[in-house]
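Notes for the structure review
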Number of protein chains: 2
Amino acid sequence: MASSDPQSTPTDDENDLAVSPDTVRRVVGALGDSDRAVLLASIEDVHPADIADLLEQLPPEDRKAFVELAGDDLPTDILAELEEGVRDDVVEALDDDFLAEVVGDLDTDDAVYLLEDMDDARKREVLDALPIADRVAIQRSLDYPDYSAGRMMQRELVAAPAFWTVGQTIDMMRARDDLPEDFYEIIVVDPSHRPMGTIALSKIMGAKRPATLDGLMDRDYRSFKVEQPQEDVAYAFNQYHLVSAPVLDETGRLAGVITIDDAMQVLDEESEEDLMRLGGVGDEDLSDTVSEIAKQRLPWLAVNLATAIIASVIIAQFDMVIEQIVALAVLMTIVASMGGNAGTQTLTVAVRALATKDITSTNAWRIISRECLVGIVNGIVFGVVMGVATWLWYGDPGLGVVLGVAMIVNMLVAALAGILIPIGLEKIGADPALASAVFVTTVTDVVGFFAFLGLAAIVLL
Amino acid sequence: MASSDPQSTPTDDENDLAVSPDTVRRVVGALGDSDRAVLLASIEDVHPADIADLLEQLPPEDRKAFVELAGDDLPTDILAELEEGVRDDVVEALDDDFLAEVVGDLDTDDAVYLLEDMDDARKREVLDALPIADRVAIQRSLDYPDYSAGRMMQRELVAAPAFWTVGQTIDMMRARDDLPEDFYEIIVVDPSHRPMGTIALSKIMGAKRPATLDGLMDRDYRSFKVEQPQEDVAYAFNQYHLVSAPVLDETGRLAGVITIDDAMQVLDEESEEDLMRLGGVGDEDLSDTVSEIAKQRLPWLAVNLATAIIASVIIAQFDMVIEQIVALAVLMTIVASMGGNAGTQTLTVAVRALATKDITSTNAWRIISRECLVGIVNGIVFGVVMGVATWLWYGDPGLGVVLGVAMIVNMLVAALAGILIPIGLEKIGADPALASAVFVTTVTDVVGFFAFLGLAAIVLL
């Protein structure tokens with residue numbers, strides 16, 4: 001924690017971000033000795049987000065011991081920071097009354113995160129222990145679909161009518177004892193609680209007391225609907241530099257507000273999802289067990305096996321050719337590998353550009369033809385280099401030509417597959433990151449082997 | 001733009017985010033007719049970030065035409081939104097006086113973005129045309145290293161001494177005519193301008209006029225040093241839910257402030273970088289030309305070629321075996337492909353976990369052993385399946401056993417390579433995303449071919 005206090009000991013940069021190894025050692029020691037006082041002392045000055053990371057990094061049995069040893073002194077603001085798997089373990093170890101108290105203190109978005117995956121009986125018990133207003137608010141948010149703006153928003157906000165003055169608004173805020181902990185703008189609403197505009201706090205700060213909100217408010221603000229997908233929200237916050245934005249219910253009334261820290265987290269999760277999907281990994285957490293992870297990864301390996309078998313069936317069609325020219329078996333993987341690599345390059349660029357909405361009907365054809373040209377250019381470069389190298393290696397110019405031509409063909413096809421497959425998936429409403437990599441490498445393997453071995457069969461036999 | 005104005009025409013969701021195809025058509029039409037009025041009218045209600053996207057999507061010649069046609073009416077707030085390649089093209093087309101005026105109006109972070117890659121002579125001319133205070137501020141920011149907190153920060157901020165009351169502070173802000181457009185907290189400083197604490201505007205709003213800043217401020221705030229890398233800043237904003245944070249110069253004095261929208265952009269760029277590097281793509285923009293892109297991608301293709309040649313040299317060692325059992329040529333790619341896929345899965349998870357600082361000395365060994373177990377489990381599953389399938393396909397149990405064992409070996413090695421290579425690169429200070437994929441697939445290709453063909457040579461001949 002940075003501090004200007006001159007007595008604080010200097011911390012090096014690594015400790016400054018994330019948990020220090022020293023803290024981990026003290027915590028593990030305290031858990032071993034079941035020493036509650038030491039445990040609480042060692043996490044006293046640690047940021048809740050870092051305590052959450054520490055819990056995630058501990059083995060499952062230590063995690064349970066941590067929660068039980070800390071008891072009612074468990075810092076409750078760590079709960080909303082935990083990743084899903086660990087959150088469920090920790091929440092399970094807490095008793096209902098304690099949990100209800102915690103949930104009641106949280107903003108709705110965090111409360112919903114704690115409750116959303118709980119089994120129904122327990123969720124009911126925790127909700128029943130809450131004051132009616134909290135219960136209704138949380139229940140309504142839980143009714144919105146997963147990964148929607150309605151789930152992301154908090155209901156704690158500051159709204160005011162347009163005819164109020166800056167002075168009245170400030171006095172209202174000074175008088176309110178339930179002011180949200182973090183808010184960045186005031187939402188101006190009409191009598192039926194429909195937003196009319198927003199005013200940043202910084203603008204309120206610079207305005208004179210008699211000025212009316214009506215004259216100050218930004219009418220051209222951006223809002224979201226409760227059912228809008230969270231990735232649209234994250235995109236808009238990043239694109240338009242929003243810091244907070246109102247969320248409207250089905251009738252157009254103000255339902256809540258989304259703040260940028262939540263949008264930033266979603267943006268980060270969406271990037272993670274794209275990265276993971278391109279890598280053929282599902283929605284796994286670092287704290288998952290061996291069997292959970294093995295099961296998660298199995299489907300993608302099975303798909304890969306299927307495509308590898310298709311490629312080997314292609315090879316099998318040419319086994320007579322390979323038997324006569326065994327060099328083909330040595331060289332064919334080079335053609336397939338270069339195609340796979342070129343296709344992955346194009347694919348990566350395409351998936352990212354689609355995620356950031358940078359490929360549109362305006363530039364799609366230009367980008368497709370550009371990728372093809374890049375494929376041809378690099379295909380010729382590497383086709384010529386490897387064609388000559390093969391000629392020199394095997395002393396057979398025909399073999400060199402076959403390899404060079406096959407490589408050019410495969411790198412052009414790789415470019416086409418790398419750009420058309422993700423665009424096609426997007427068009428039919430599928431996630432381009434999800435299956436593209438498998439399709440693209442299937443295409444490049446099949447075309448690579450077929451072009452090389454087929455050409456060899458025609459030219460060299 | 002969402003609006004509660006009942007007269008506004010309803011826009012569908014796709015138009016709501018990003019530029020509508022209709023706007024693009026009008027802009028392209030206006031450029032064709034060189035019709036300045038239509039051009040300006042068609043972008044009048046479009047958000048600057050969307051106009052920037054539109055410019056990026058236009059072909060280069062249209063981009064230039066756009067800038068020239070718009071002339072002095074070019075909406076200047078689009079400039080800081082452009083990606084680097086397009087920014088340089090557009091800035092080049094502007095005249096010095098216009099550019100100096102624009103730069104003078106921007107916050108320092110945006111001004112620096114426009115100037116940083118300009119050639120020195122022109123940069124000097126633009127800077128010389130600025131008022132001395134702006135010039136010094138921008139020059140000092142330009143002196144900080146690329147991708148540092150010093151480059152990200154803006155110098156426009158609100159600071160106040162600790163003994164001031166809330167009332168005095170609000171009066172000061174009302175009186176100031178250079179209040180920053182967006183700010184979210186007040187930084188409390190000592191007489192030598194060193195930060196002592198921060199106060200969120202929302203907290204000022206809820207406090208009574210006589211309260212002193214000293215009593216309200218958060219002493220336990222997080223700050224950055226000018227030379228700190230921008231990825232640390234982005235990580236901290238996301239981890240600790242910061243909205244703005246002070247930046248200190250070498251002497252510990254307040255130099256500027258970083259706001260969350262800039263941190264969010266960096267976080268997004270860092271994710272993009274990881275994704276691109278894993279896909280073997282450099283720092284290319286969608287607006288780059290064919291030759292720029294072909295050149296960018298060439299080095300990675302060359303590295304891949306080298307590794308493909310290594311793999312084929314391994315195969316060449318066994319050409320006598322393949323000549324006798326041509327089925328080996330058909331099946332060997334399956335072993336290599338499954339290893340490559342399993343290795344990529346582990347690698348993807350490892351690279352992401354390292355980027356989010358989720359792999360530490362606390363859990364590294366646990367994660368390494370978990371990955372090995374996952375590799376063995378899935379290796380056995382697929383080894384047995386394919387072993388039996390091979391036996392049935394070729395009617396040769398020996399061939400099935402060789403393939404099954406080779407696959408188990410390769411998937412274990414894939415797991416080890418997938419986790420140890422990125423951790424090793426991180427340990428020596430390299431970016432795990434940069435070269436890991438090539439190393440991992442080299443290992444899985446070499447081990448896959450060697451294990452399968454080597455075992456076959458021993459067992460089947």
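Conventions and cut-offs
- Residues numbered from 1 in each chain as written.
- Chains lettered and ligands numbered in written order.
- Predicted model: local features only at pLDDT ≥ 70, side-chain atom pairs only at ≥ 80, totals over all residues.
- Heavy atoms only, no water.
- Core = buried A, V, L, I, M, F, W, Y, C linked by side-chain atoms within 4.5 Å.
- Buried < 20%, exposed > 50% of the residue type's maximum accessible area, 1.4 Å probe, protein only.
- Contact = heavy atoms within 4.5 Å.
- Domains from an automatic or database assignment.
- Buried area = accessible area lost by both parts, 1.4 Å probe.
- Salt bridge = Lys/Arg side-chain N within 4 Å of Asp/Glu carboxyl O.
- Polar contact = N/O pair within 3.5 Å; in protein donor to acceptor, adjacent residues only side chain to side chain.
- Helix = DSSP H or I, 4+ residues; strand = E, 2+ residues; numbered from the N terminus.
- Pairing = 2+ DSSP bridges.
- Least-squares fit on C-alpha atoms with pLDDT ≥ 70 in both.
- Axes fitted to C-alpha atoms, helices over the stretch in contact; angles between N-to-C directions.

**Details of the nonpolar core**
Counting residues in each nonpolar core, the largest one holds 75 residues, and the members touching the most others are F452 of chain A together with I322 and F452 of chain B. Non-local contacts of I322 of chain B, meaning those with residues more than four positions away in its chain, are made with I322, V326 and A329 of chain A together with I315, L328, A329, M332 and L453 of chain B. Counting residues in hydrophobic clusters, the runner-up holds 48 residues, among them M152 and F224 of chain A together with Y240 and V247 of chain B.

**Some words on the domain arrangement of chain A**
All names here are of chain A. Along its sequence, chain A is organised into domain 1 (13-147), domain 2 (159-278) and domain 3 (290-460). Each of domain 2 and domain 3 has a C-alpha centre, and these two points are 48 Å apart. Taken residue by residue, the interface counts six residues in domain 2 and nine residues in domain 3. The three residues of domain 2 that bury the most area against domain 3 are Y235, R277 and L278, which together make up 75% of that side's buried surface. In this assembly, domain 2 and domain 3 are joined by one salt bridge. With its nearest N and O atoms 2.4 Å apart, the salt bridge here joins D431 to R277. Remark: the boundary between domain 2 and domain 3 carries one residue pair in polar contact (both at pLDDT 80 or more). Of all elements in the fold, only α15 (230-240) and α16 (260-278) reach the threshold of two or more residues within the side of domain 2 that touches domain 3.

**Re the pairing of strand β6 (residues 254-259) of chain B**
All names here are of chain B. With six of six residues buried, β6 is to be regarded as a mostly interior element. Of the pairings in the sheet, the one linking strand β5 (residues 244-248) to β6 comprises five bridges and is antiparallel in character. From the neighbouring strand, P246 faces β6, where its bridge partner is V257. Once β5 ends, the chain turns through five residues before running back antiparallel as β6, passing G252 with a positive phi of about 85°.

**Quick word on the relation of the copies chain B and chain A**
Turning chain B through 180° and shifting it by 0.0 Å along the axis lays it on chain A, with an RMSD of 0.1 Å. Taken together, the turn and the small shift mark the pair as related by a two-fold rotation axis. When the interface residues of chain B are mapped onto chain A, 100% of them again fall at the interface, so both copies present the same face.

**A short note on the interface of chain B and chain A**
At the interface, 130 residues of chain B touch 130 residues of chain A. Buried surface at the junction of chain B and chain A, both sides included, amounts to about 12000 Å², of which 62% is carbon and sulfur. Joining chain B to chain A, the criterion identifies six salt bridges. The shortest N-O distance in the salt bridge between E272 of chain A and R352 of chain B comes to 2.6 Å.

**Focus: the sheet that holds strand β2 (residues 185-189) of chain B**
Residue and element names in this part refer to chain B. Taken in spatial order, the three strands make up an open sheet running β1-β2-β3, and their pairing is mixed. Since the sheet does not close on itself, it has two edges, and those belong to β1 (159-161) and β3 (195-200), each with one partner. Across the sheet, the mean angle from the axis of one strand to that of its neighbour is 35°, orientation sign disregarded.

**Re the pattern of salt bridges**
By the definition in use, this model includes 44 salt bridges over all chains. In this structure, R151 of chain A and E116 of chain A form a salt bridge, with 2.9 Å as the shortest nitrogen-oxygen distance. In this pair, R151 of chain A is assigned in helix α11 (residues 149-152) and E116 of chain A in the loop between α8 (108-115) and α9 (120-128), connecting sequence segments 35 residues apart. In this structure R151 of chain A comes out as buried when scored by relative accessible area, which is 14%. Of the charged contacts in the structure, one is a salt bridge between E68 of chain B and K64 of chain B, with a shortest N-O distance of 3.4 Å. Here K64 of chain B and E68 of chain B lie together in helix α5 (residues 60-70), a separation of four residues that amounts to about one turn. E68 of chain B sits in the partly exposed class, given a relative accessible area of 49%. One network of salt bridges, with partners in common, ties together R87, D88, E116, D117, D146 and R151 of chain A.

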